[in-house]
Amino acid sequence: MNEISRRDEVSLSGAALRGAPWKAAAIGGGVVSATSFGLGLVTGGGDLSWALGLGISLFALIAAIGSVARPNEGDRVTRQARLWSLQHPWKFSLLPAGITAVLDYPVQLVLDGEGVFGAAVDSLWHGALVYLIAGILTVTMKGRAQSAR
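All values derive from a computational prediction rather than experimental measurement.

S.K.: Let's hear about helix H7 (residues 115–140): which residues, and what values?
M.R.: Here H7 contains 26 residues, and its C-alpha end-to-end distance of 38 Å stays within 8% of the 38 Å for a straight helix at 1.5 Å per residue. Looking at the packing, one finds that the buried side of H7 touches helix H3 (48–68), helix H4 (76–87), helix H5 (89–92) and helix H6 (94–112).

Written out as C-alpha cells, the structure reads:
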C-alpha cells in the first residue's frame, strides 16, 4: 500500500527539479555546445547537431544533479521531493532523461538530416545516457538523504 502511481513519481521528480540551478545549467550547456562546435570547426569536423545534443544533455544533467545536491534547501514540498528523489534515484532520473529526449528531438530532426526515425533514435540515445549518468550520480549522493533527516 506504500506504492505511488507513475504520475505521482513524475510530480515528485518535477517538484525536486523546481529548485534546480537553471541558469548554471543553461550556461554550462551553452558553453559546452559552443566549445564543442568551435573545436570541431578548428579541426575540420564541426557537427552542429552533435554539439547541440551534447549541450542539451549537459543542461539536463546539471539541472538534475544540482536539484538534489542540497536536499535541505527550499520549501517543505521541495525538500520532501528532493529526499524522495535521493531515495529513488532511478525513478527521479527518468524526468531529466525525458527532458533531454524531448528537447533534442527537434534539433536532431532539423539539423541532422536522418529523418524522423533517425532523429528519434539519436534523441532516445541521448536521453538514455542522461538517465544512466544522472542515476549513477544520484545514487552516489544517496547519503545526503539520510543526513538531511
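Read on, since the account is not over.
S.K.: Residue-level account of the nonpolar core, with values.
M.R.: In this structure, Val68, Phe92 and Met141 are the most contacted members of the largest nonpolar core, which totals 15 residues. Every element with two or more residues in this core is listed here: helix H1 (6–17), H3 and H4. Broken down by element, this core gets its largest block of residues, five residues, from H3. Not counting the four nearest positions on each side in its chain, phenylalanine 92 is found in contact with Ser13, Ala16, Leu17, Ala64, Ser67, Val68, Trp84, Ser85 and Thr138.

S.K.: Tell me about the packing of aromatic side chains, and please be specific about residues and values.
M.R.: Applying the stated criterion across every chain yields a total of two aromatic pairs. Aromatic pair tryptophan 22 and phenylalanine 59: ring centres 5.7 Å apart, planes at 40 degrees, arrangement tilted. A residue pair is termed long-range when its members are at least 10 positions apart, and tryptophan 22 in helix H2 (residues 22–43) and phenylalanine 59 in helix H3 qualify at 37 residues. Aromatic pair tryptophan 90 and tyrosine 131: ring centres 5.6 Å apart, planes at 55 degrees, arrangement tilted. Within this pair, whereas tryptophan 90 is found in helix H5, its partner tyrosine 131 is found in helix H7, the two being separated by 41 residues in sequence. Under the relative-accessibility criterion, tyrosine 131 is labelled partly exposed at 26%.

S.K.: I'd like a description of the pattern of salt bridges, backed by residues and values.
M.R.: Here the structure, examined in full by the defined rule, presents four salt bridges. Measuring nitrogen to oxygen at the nearest pair gives 2.7 Å for the salt bridge that ties aspartate 75 to arginine 18. Residue aspartate 75 is found in the loop between H3 and H4, and its partner arginine 18 is found in the loop between H1 and H2; the two are separated by 57 residues along the sequence. Taking relative accessible area as the criterion, arginine 18 reaches 48% and is therefore assigned partly exposed. Among the salt bridges present, the one from arginine 70 reaches glutamate 73, with a minimum N-O distance of 4.0 Å. Within this structure, Arg6, Glu9 and Lys91 form a network of salt bridges that share partners.

S.K.: Before we move on, could you go through the side chain of serine 85 and cite the residues and values that matter?
M.R.: Along the polypeptide, serine 85 turns up in helix H4. Note on serine 85: relative accessible area 0%, which makes it buried. Leaving out residues up to four positions away in the same chain, serine 85 has contacts with Leu12, Ala16, Val68, Phe92 and Thr138.

S.K.: Outline the side chain of serine 13, supporting the account with residue identities and numerical values.
M.R.: Examined against the element boundaries, serine 13 turns out to sit in helix H1. Among the residues examined, serine 13 registers a relative accessible area of 1% and is labelled buried. Once you skip the residues sitting within four places of it in the chain, serine 13 turns out to touch Trp84, Lys91, Phe92 and Leu95.

S.K.: I'd love a proper account of a nonpolar patch on the surface, names of residues and values included.
M.R.: Nonpolar side chains collect at one region of the surface, where Trp90, Leu129, Leu132, Ile133, Ile136, Leu137 and Val139 lie side by side and expose about 570 Å² of accessible area between them. With six residues, the single largest contributor to the nonpolar patch is H7. Position of leucine 137 relative to the elements: it lies in helix H7.

Criteria and cut-off values
Residues numbered from 1 in each chain as written. Predicted model: local features only at pLDDT ≥ 70, side-chain atom pairs only at ≥ 80, totals over all residues. Heavy atoms only, no water. Helix = DSSP H or I, 4+ residues; strand = E, 2+ residues; numbered from the N terminus. Expected span 1.5 Å × (residues − 1). Contact = heavy atoms within 4.5 Å. Core = buried A, V, L, I, M, F, W, Y, C linked by side-chain atoms within 4.5 Å. Buried < 20%, exposed > 50% of the residue type's maximum accessible area, 1.4 Å probe, protein only. Phe/Tyr/Trp six-rings, centres within 6.5 Å; stacked < 30°, edge-to-face > 60°. Salt bridge = Lys/Arg side-chain N within 4 Å of Asp/Glu carboxyl O. Patch = residues over 30% accessible without salt bridge, like charges linked within 9 Å, V, L, I, M, F, W, Y side chains within 5 Å. Areas by Shrake-Rupley, 256 points an atom, 1.4 Å probe, with all protein chains shown as cover.

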